[in-house]
Amino acid sequence: MSSNNIQDVFQTGFRVSLGATTSLIESLQDQQKREENLSLLNLDFNQQVAELSKKGEKTEQEAQRLIEQIFNQMNQPTESATPSTPRDSGSSSTGTTSRSTQQELEELTVQIALIRTELEQMRNPD
């Protein structure tokens, strides 16, 4: 089994788990969704996996957007709250630390995006 197949299996498994969890939560919250999710049980196993994987992928994308929004919101107050002239050396080092942490988070976010792109390219070599 190649590493691409293993990655695909784990990614699909993750998305199916995420889709199943989303379906369960939807079923608990909404009667109509409950009926739709129960109708999935009439499908064969491969169709169920495909549907849950699609739902999991959609949920994953929504979560990524939410995290990006949170990071953007965190960045905005930090920039506006930073004083233009430091009052003492303590506030200057704190501002540097928060900028450094912010920069590290941005770099990690970029690295995650690159890794995800690489995984998608490995999965779809054409």
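Parameters at a glance
Residue indices follow the written sequence of each chain, beginning from 1 at its first position. Side-chain atom pairs in this predicted model are given and counted only at pLDDT of 80 or more, local residue features only at pLDDT of at least 70, and totals for whole chains, interfaces and linings cover all residues. As a convention, hydrogens and water are excluded, and side-chain values are obtained from all of the structure's heavy atoms. Residue-level confidence of the predictor is what pLDDT reports, using numbers from 0 through 100. Only runs of H or I of at least four residues qualify as helices and only runs of E of at least two qualify as strands under DSSP, and these elements are numbered from the N terminus. Contact between two residues is taken to exist if any of their heavy atoms lie within 4.5 Å; hydrogens are not considered. Just to be clear on terms, a salt bridge is a Lys or Arg side-chain nitrogen sitting within 4 Å of an Asp or Glu carboxyl oxygen. Here the term buried applies to any residue with accessible area under 20% of the maximum for its type, exposed to any over 50%, and partly exposed to those in between, with areas from a 1.4 Å probe on protein chains only.

**What to know about the confidence of the model for the protein chain**
Alright, step 1. For the protein chain, per-residue confidence averages 77 on the pLDDT scale, and residues scoring 70 or more make up 79% of the total.
Alright, step 2. When mean pLDDT is taken per element in the protein chain, helix α1 (residues 3-29) scores highest with 85 and helix α4 (residues 89-123) scores lowest with 71.
Alright, step 3. In this model residues 84-94 is a low-confidence stretch, pLDDT under 50, and it forms two contacts with partners more than four residues away in sequence or in other chains.

**A few points about the pattern of salt bridges**
Alright, step 1. One pass over the structure, following the stated rule, counts five salt bridges.
Alright, step 2. Between E36 and K33 there is a salt bridge, with its nearest N and O atoms 3.9 Å apart. Residue E36 and its partner K33 are both found in helix α2 (residues 31-39); the two are separated by three residues, about one turn of the helix.
Alright, step 3. The exposure class of E36 is partly exposed, given its relative accessible area of 37%.
Alright, step 4. We classify K33 as partly exposed; its relative accessible area is 30%.
Alright, step 5. Linking E51 and K54 is a salt bridge whose minimum nitrogen-to-oxygen distance equals 3.9 Å. Of this pair, E51 and K54 are both found in helix α3 (residues 45-81), three residues apart, which corresponds to roughly one turn of the helix.
Alright, step 6. For E51, a relative accessible area of 35% corresponds to the partly exposed category.
Alright, step 7. K54 sits in the exposed class, given a relative accessible area of 54%.

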